[in-house]
Amino acid sequence: MGWQDVKEKFLSLSGEQKSPNCETLENIPTWKTYASIKKATLPAKKQTLSDIVIDNSKNEILAEKISIYIGDITHLEVDAIVNAANKSLLGGGGVDGAIHRGAGKYLLAECKTLGGCETGEAKITGSYQLPSKYIIHTVGPVGEKPGYLRNCYENSLKLALENNLRSIAFPCISTGIYHYPNEAAAHIAAGVVRKKLEEHADKFDRVIFCLFLDIDTNIYESILQSYFPLK
Ligand code: ADP
């Protein structure tokens, strides 16, 4: 069997059929619920970047369109998980390595046909053995280059929209091996997601910030209070 047949086979299965212990969307609290449960222990709110203008009329609906998920992105049953890949798209360390290990060898076979990916761009493949349906591979910048990081989030969300994918999970792109400062990266992520959801709230069920390190949990808990304000 070639990767095309294997891809079709896995796309016909549900996440739970592929991976019985996966995390389904119903079990991942929305930001509104998460913040109310954790109210007493949330860190102090931090303001948005100064160039972000928030349409406050959308606050209520958008607080239920995003989530913080603390853990491994390969466990998520969503329409798409985003991979912080490198330009070759042929696998690597960190989240990229975890995704390739979990998806299996046919992911690499499909990736080989894509001709790599430029920094800030995004390409889509199947998820194979992972519980998600698709993987959106994006290449973050090495070091703090906000324009490129913004492009990663924008192009990933654009691909999700083009493919009618309603739930998507992002890792903290570039903040690992590529050394983007965590807090600066989180502001870019939250700002782009806020603006895209303001434009297309009806097209998404959930955008998940998948956090793997305590430092990112603290940062997202503090800044999401201003990017996705709650009553
Ligand atoms: P980059 O090369 O873009 O910096 P890395 O994979 O090194 O990518 O790191 C990006 C982020 O992904 C880091 O916060 C890292 O802790 C996190 N990470 C690593 N493994 C996983 C995983 N299995 N699920 C979710 N996030 C992960």
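Criteria and thresholds
Residues numbered from 1 in each chain as written. Predicted model: local features only at pLDDT ≥ 70, side-chain atom pairs only at ≥ 80, totals over all residues. Heavy atoms only, no water. UniProt positions renumbered as here; feature names shortened; annotations may be inferred. Helix = DSSP H or I, 4+ residues; strand = E, 2+ residues; numbered from the N terminus. Salt bridge = Lys/Arg side-chain N within 4 Å of Asp/Glu carboxyl O. Buried < 20%, exposed > 50% of the residue type's maximum accessible area, 1.4 Å probe, protein only. Expected span 1.5 Å × (residues − 1). Contact = heavy atoms within 4.5 Å. Axes fitted to C-alpha atoms, helices over the stretch in contact; angles between N-to-C directions. Left-handed = near helix turned anticlockwise from the far one by under 90°. Nonpolar A, V, L, I, M, F, W, Y, C, P; charged D, E, K, R; others polar. Near = heavy atom within 4 Å. Polar contact = N/O pair within 3.5 Å; in protein donor to acceptor, adjacent residues only side chain to side chain. Areas by Shrake-Rupley, 256 points an atom, 1.4 Å probe, with all protein chains shown as cover. 1 Å grid on protein atoms, 1.4 Å probe; cavity = no way out; pocket = protein on both sides within 12 Å on 5 of 7 lines; lining within 4 Å. Points joined across faces, edges and corners; volume = space filled by probe spheres on them.

Going by what an unreviewed UniProt entry lists, the chain is known as Macro domain-containing protein and is assigned to Rhynchophorus ferrugineus.

Peer 1: Just to check I follow, could you spell out the UniProt feature "domain: Macro" (unreviewed entry) in the chain for this structure?
Peer 2: Under the UniProt annotation, "domain: Macro" (unreviewed entry) lies at residues 53-228. A helix fraction of 40% and a strand fraction of 19% characterise residues 53-228, whose end C-alpha atoms lie 12 Å from each other.

Peer 1: Explain the pattern of salt bridges to me, please; I cannot follow it from the model alone.
Peer 2: Should their charged atoms come close, side chains of opposite charge can pair. Evaluated as defined, the whole model comprises 12 salt bridges. Among the ionic pairs, Glu221 bridges to Lys38, the shortest N-O distance being 2.7 Å. With Glu221 in helix H9 (residues 214-227) and Lys38 in the loop between helix H3 (31-37) and helix H4 (59-62), the pair connects residues that are 183 residues apart, well separated along the chain. The class for Glu221 is buried, based on a relative accessible area of 4%. On the basis of relative accessible area, Lys38 is assigned to the partly exposed category, the value being 26%. Its salt-bridge partner being Lys46, residue Glu183 comes within 3.1 Å of it at the nearest N-O pair. Highlighted residues: Glu183 in helix H8 (residues 182-200) and Lys46 in the loop between H3 and H4, separated in sequence by 137 residues. Relative accessible area serves as the criterion here: at 37%, Lys46 is assigned to the partly exposed category.

Peer 1: How should I be thinking about H9 in this particular structure?
Peer 2: For an α-helix, the turn length of 3.6 residues means that residues three or four places apart are oriented alike. Compared with the 20 Å implied by 1.5 Å per residue over 14 residues, the 20 Å span of H9 between its first and last C-alpha is a close match. By the criterion of burial, H9 is predominantly enclosed, with 11 of the 14 residues buried. Of all the positions in H9, only Asp216, Thr217, Ile219, Tyr220, Glu221, Ser222, Ile223, Leu224, Gln225, Ser226 and Tyr227 are classed as buried. In the core, the buried residues of H9 are packed alongside H3, strand E2 (66-70), helix H7 (146-162), H8 and strand E8 (206-211).

Peer 1: When you look at H8 in this model, what are you seeing that I'm missing?
Peer 2: Helix length check: H8 (19 residues) gives 27 Å between terminal C-alpha atoms against 27 Å at 1.5 Å per residue, within 8%. Of all 19 residues making up H8, 14 are buried, and the element is well covered by its neighbours.

Peer 1: What should I look at first to understand the packing of H7 against H8 in this one?
Peer 2: To characterise two packed helices, one gives the angle between the axes of the helices and the distance between these axes. Viewed as axis vectors pointing N to C, H7 and H8 meet at an angle of 35°, and their least axial separation amounts to 9 Å. Viewed along their axes, H7 and H8 form a crossing whose handedness is right-handed. On H8, the residues that touch Pro146, Leu149, Arg150, Tyr153, Glu154, Leu157, Lys158 and Leu161 of H7 are Ala185, Ile188, Ala189, Val192, Val193, Lys196 and His200. Grouping the amino acids of the contact of H7 with H8 by side-chain chemistry returns 10 nonpolar, 1 polar and 4 charged.

Peer 1: Any chance you could explain the site of the ligand here in plain terms?
Peer 2: Close contacts around the ligand come from 17 residues, with Val95, Ser174, Gly176, Ile177 and Tyr178 the closest. Taking Ile177, its main chain carries an N or O atom lying 2.8 Å from an oxygen atom of the ligand. Protein chains shield 92% of the accessible area of the ligand, which is 560 Å² for the free molecule. The element contributing the most residues to the shell around the ligand is helix H5 (residues 94-103), with 3 residues. Of the residues that constitute the shell around the ligand, the class distribution is 10 nonpolar, 5 polar and 2 charged.

Peer 1: Please explain empty space enclosed by the protein as it appears in this structure.
Peer 2: Over the atoms a probe the size of a water molecule is rolled, and this reveals where empty space is left. Counted under the stated rule, the structure contains 1 cavity of 30 Å³ or more. Roughly 30 Å³ of internal volume is contained in the largest cavity. Around the largest cavity sit Lys7, Phe10, Leu11, Lys18, Gly126, Ser127, Tyr128 and Lys133, which together line it. When residues in the lining of the largest cavity are grouped by element, the largest group, 3 residues, is from helix H1 (residues 3-11). Within the lining of the largest cavity, the residues separate by chemical class into 3 nonpolar, 2 polar and 3 charged.

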